[in-house]
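Chain by chain, the residues:
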Amino acid sequence: MKDFLQLKKNIKKDFSGFKTIKLAVLGDTATQFLTQAIKGLGYDYAMNLDIWEADFNQIERQVYDPSSELYDFKPEYVIVFQSSHKLLGKYNKLKPEEYALLATKEISSIETICNTITNNLDAKIIYFNYTEIDDAVFGNHANKTASSFLYQLRKLNFNLMELASKNPNLYLCDISSIQNQVGKSNMFQPALYINTEMVLGIDILPKVASKTIDLISTLNGKFKKCVILDLDNTTWGGIIGDDGLENIQIGSLGIGKAFSEFQYWIKKLKNRGIIVAVCSKNTESVAKEPFEKHPDMVLRLEDISVFIANWENKADNIRQIQNILNIGFDSMVFLDDNPFERNIVRENIPEICVPEMPEDPANYLEFLYGLNLFETVSFSNEDAERTKLYQIEAERAKIAQKFTNEDDFLKNLEMVSTVEPFNKFNTPRIAQLSQRSNQFNLRTVRYSEADIERISNSGDYATFSFTLEDKFGDNGLICAIILHKENEKTLFVDTWFMSCRVLKRGMENFVLNTIVDFAKENGFTTIKGEYIPTAKNPMMKDHYHNLGFTKDHSYFTLEVDKYQFKTNYIKVKQ
Amino acid sequence: MTRNEILAGINEIFIDTMDDKDIVLKETTQAADIEEWDSIIHILLVVAIEKRFDIHFASNEIQNWKDISEIIDSISSKI
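Residues numbered from 1 in each chain as written. Chains lettered and ligands numbered in written order. Predicted model: local features only at pLDDT ≥ 70, side-chain atom pairs only at ≥ 80, totals over all residues. Heavy atoms only, no water.

Looking up chain B in an unreviewed UniProt entry gives the name Acyl carrier protein, with the organism given as Maribacter aquimaris.

In structure tokens:
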């Protein structure tokens with residue numbers, strides 16, 4: 001990780017061509033260095049962070065004054081950093097009988113701050129939680145005493161999590177976990193604090209900046225979706241082909257515990273929705289044997305979406321995995337104990353993330369924890385089902401090979417779709433897809449849950465969500481449309497994104513038929529679309545053209561009365 | 001370590017921290033002589049000097065230096 005000075009040097013580099021993101025920083029201590037670290041690290045994430053920093057200790061003034069510079073700046077993200085030291089200062093000034101009320105008072109003030117920001121700005125709030133300070137007034141007894149500072153601080157951190165879990169606009173940046181990792185003496189330098197009012201030590205700034213940018217970058221749709229595992233000496237100890245099933249190290253054998261715990265971690269990631277793939281230099285049947293027969297294996301074949309074991313080059317195998325999953329290389333992580341394989345993959349596929357695994361497997365987990373590879377800003381039940389969905393997709397791919405005629409194949413799938421407006425049940429999934437879809441996304445405008453709610457409650461918009469089910473299984477909600485009623489005659493397709501799982505099923509025809517139906521019923525004559533190119537969506541370039549729209553300057557338009565309904569094999573589910 | 005060796009060490013730190021290869025320090029150099037040397041940069045300089053010489057300054061020390069020679073005095077009293 002780069003040190004603070006290196007990040008500071010980044011600030012002078014050329015940010016042109018990077019996406020500009022407006023960020024406000026409000027702190028109750030001096031935040032200049034933190035701001036510089038975030039700005040500088042932005043360069044390495046290809047982000048041009050346009051940062052406005054409030055004067056020191058101005059949180060309330062900026063938030064409660066509707067004409068403040070904060071609201072004038074109109075940021076997309078607001079960082080609120082209230083320090084544990086200032087919290088301790090507040091506690092110190094309380095009367096002893098009020099000590100036990102600190103967390104309750106603070107959380108209600110934080111809630112008001114968040115609500116006020118949300119009412120005045122279309123911005124997401126990133127709130128730094130509290131690093132622990134034990135003022136050693138009660139010793140261990142602080143844990144049994146509600147009026148101790150430590151008790152109140154920990155309670156407040158818990159209250160923050162509760163608040164964040166019900167407020168879709170509020171995200172916590174967990175700097176407390178950074179302190180747990182590095183220790184307080186590395187987080188906080190007393191002399192620096194006394195002299196400059198800075199509560200973060202110089203050397204910890206890059207870590208705090210990265211924890212912050214991980215969040216922003218994830219909210220902008222950049223995050224990891226898949227982990228690819230090597231097997232021998234990565235997933236288990238030893239070499240299955242040489243040592244045999246009984247002698248690979250897993251469970252209680254040798255260093256097996258390290259590998260078992262590693263597998264539990266992968267399993268939890270899988271349950272969270274990360275796709276797990278295997279890429280191993282082995283004979284396939286030999287490589288699969290432990291998954292099928294070893295009693296101590298935590299991972300089983302049903303946990304693996306794509307299993308590739310052969311003697312080919314790993315870079316080529318990973319390309320094949322990418323082809324099946326249809327996700328970007330930059331959303332994949334490759335874990336392999338062998339430096340040679342890591343280098344081959346890195347050199348051939350520079351976008352993929354290849355962590356430099358420690359030599360001793362005992363260190364694998366702690367090392368991987370420290371990288372924070374799998375940041376996410378949402379979690380839904382669909383995530384847990386993802387492995388199955390990709391396995392079903394592999395099945396479908398096999399069936400498709402049997403049909404020479406695509407129409408016959410599509411007819412045979414017996415597809416049905418549920419079409420309904422956005423509602424409180426599908427909002428989380430729609431927000432999530434809005435953040436995840438890159439390839440089939442016409443304008444790539446990212447909407448949070450709060451945005452989706454606002455749009456579905458507004459009379460200016462019409463919204464549609466689509467599910468797709470076939471005889472192999474249910475894909476769940478896979479497409480969303482937001483139509484903006486520009487005027488009495490024109491509907492603008494503000495949002496059209498679709499999961500790549502359902503490409504080539506005629507879904508786009510079905511969706512356009514639905515849009516035109518709506519337009520006709522409500523007296524609109526023109527449908528207007530726009531394609532905003534990104535690095536990820538070139539396959540959408542001719543989307544509107546292929547659907548029969550006419551190019552009109554930077555937009556595409558379709559006259560409703562001339563529209564011929566498009567053939568497809570999807571039925572509306574009643 | 002001689003005063004000149006300490007001066008050379010500090011000079012390297014200044015060049016690195018301010019990202020300016022042309023900085024040449026003398027014992028009489030003051031904050032006003034170097035454009036980038038503000039209170040924020042000062043903190044970074046102190047942290048870097050502490051690291052390089054493996055010493056710690058007391059809080060009241062670092063605010064009282066008038067020029068480079070006083071920084072060298074502080075350092076040489078600790079190593």
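Back to the write-up after that little detour.
Membership of the largest hydrophobic core comes to 68 residues, with the highest contact counts inside it found for B:I10 and B:F14. Looking at this core, the element that brings in the most residues is helix α2 (residues 39–53) of chain B, giving 9 residues. Dropping the residues within four chain positions of it, B:F14 is found in contact with B:D19, B:I23, B:L25, B:I34, B:W37, B:L45 and B:I68. Judged by nonpolar contacts, the second largest core, of 40 residues, contains A:F464, A:F466, A:L512 and A:A519. (Core = buried A, V, L, I, M, F, W, Y, C linked by side-chain atoms within 4.5 Å. Buried < 20%, exposed > 50% of the residue type's maximum accessible area, 1.4 Å probe, protein only. Helix = DSSP H or I, 4+ residues; strand = E, 2+ residues; numbered from the N terminus. Contact = heavy atoms within 4.5 Å.)

This part is about the sheet that holds strand β3 (residues 77–81) of chain A. Residues and elements named next belong to chain A. The strand order β2-β1-β3-β4-β5 describes an open sheet built from 5 strands, whose pairing is parallel. Every interior strand has two partners, whereas the edge strands, β2 (47–53) and β5 (170–173), have only one. Taking each pair of neighbouring strands and ignoring which way they run, the sheet shows an average axis angle of 25°. Pairing between strand β1 (residues 19–27) and β3: 5 bridges, direction parallel. For L26, the partnering residue across the bridge sits in β3 and is V80. Packed onto the sheet, helix α2 (residues 32–44) meets β1, β2, β3 and β4 (124–128) and runs at close to 165° relative to β2. Of the strands in this sheet, β1, β2, β3, β4 and β5 touch helix α11 (residues 205–219), which is tilted by about 150° from β5. (Pairing = 2+ DSSP bridges. Axes fitted to C-alpha atoms, helices over the stretch in contact; angles between N-to-C directions.)

Next up on the list: the pattern of salt bridges. Residue and element names in this part refer to chain A. On inspection of all chains with the given rule, the structure shows 31 salt bridges over all chains. The partner of R342 in a salt bridge is E356, and the shortest N-O contact between them spans 2.8 Å. Pair noted here: R342 is in helix α16 (residues 339–348) and E356 is in the loop between α16 and α17 (364–371), with a separation of 14 residues, a long-range link. Its relative accessible area of 3% is what places R342 among the buried residues. (Salt bridge = Lys/Arg side-chain N within 4 Å of Asp/Glu carboxyl O.)

This paragraph deals with the sheet that holds strand β6 (residues 226–229) of chain A. Residues and elements named next belong to chain A. Ordered by their spatial adjacency, 4 strands build an open sheet running β8-β7-β6-β9, and the pairing between neighbours is parallel. Each of the sheet's edge strands pairs with one partner strand only, and the pair in question is β8 (306–310) and β9 (332–335). Here the average twist between neighbouring strands, direction ignored, is 15°. Here 5 bridges tie strand β7 (residues 275–281) to β8, and the two strands are oriented parallel to one another. Across the sheet, A277 pairs through a bridge with V306, a residue of β8. On top of the sheet, helix α14 (residues 284–293) reaches β7 and β8; it is set at about 130° to β8, its chief contact.

With that out of the way, let us pick up the packing of aromatic side chains. The geometry of an aromatic ring pair is captured by two quantities: the separation of the ring centres and the angle between the planes. Residue and element names in this part refer to chain A. The full count for this structure, using the stated rule, is 28 aromatic pairs over all chains. Consider the rings of F15 and Y43, whose centres lie 5.4 Å apart with planes at 80°: the pair is edge-to-face. One end of the pair, F15, is in the loop between α1 (4–10) and β1; the other, Y43, is in helix α2, with 28 residues separating them in the sequence. Note on F15: relative accessible area 9%, which makes it buried. Classification of Y43 as partly exposed rests on a relative accessible area of 23%. Look at F440 and W496: their rings are 6.4 Å apart centre to centre, the planes differ by 40°, and that puts the pair in the tilted class. In this pair, F440 is assigned in the loop between α20 (427–436) and α21 (449–457) and W496 in strand β14 (residues 490–498), connecting sequence segments 56 residues apart. On the accessibility criterion, F440 (1% relative accessible area) is buried. Judged by relative accessible area, W496 falls into the buried class, the value being 1%. In this structure, K39 packs its charged tip against the face of F15, placed 4.5 Å from the ring centre. The cationic tip of K288 hangs over the ring face of F307; the distance from NZ or CZ to the ring centre is 5.2 Å. (Phe/Tyr/Trp six-rings, centres within 6.5 Å; stacked < 30°, edge-to-face > 60°. Lys NZ or Arg CZ within 6 Å of the ring centre and 35° of its normal.)

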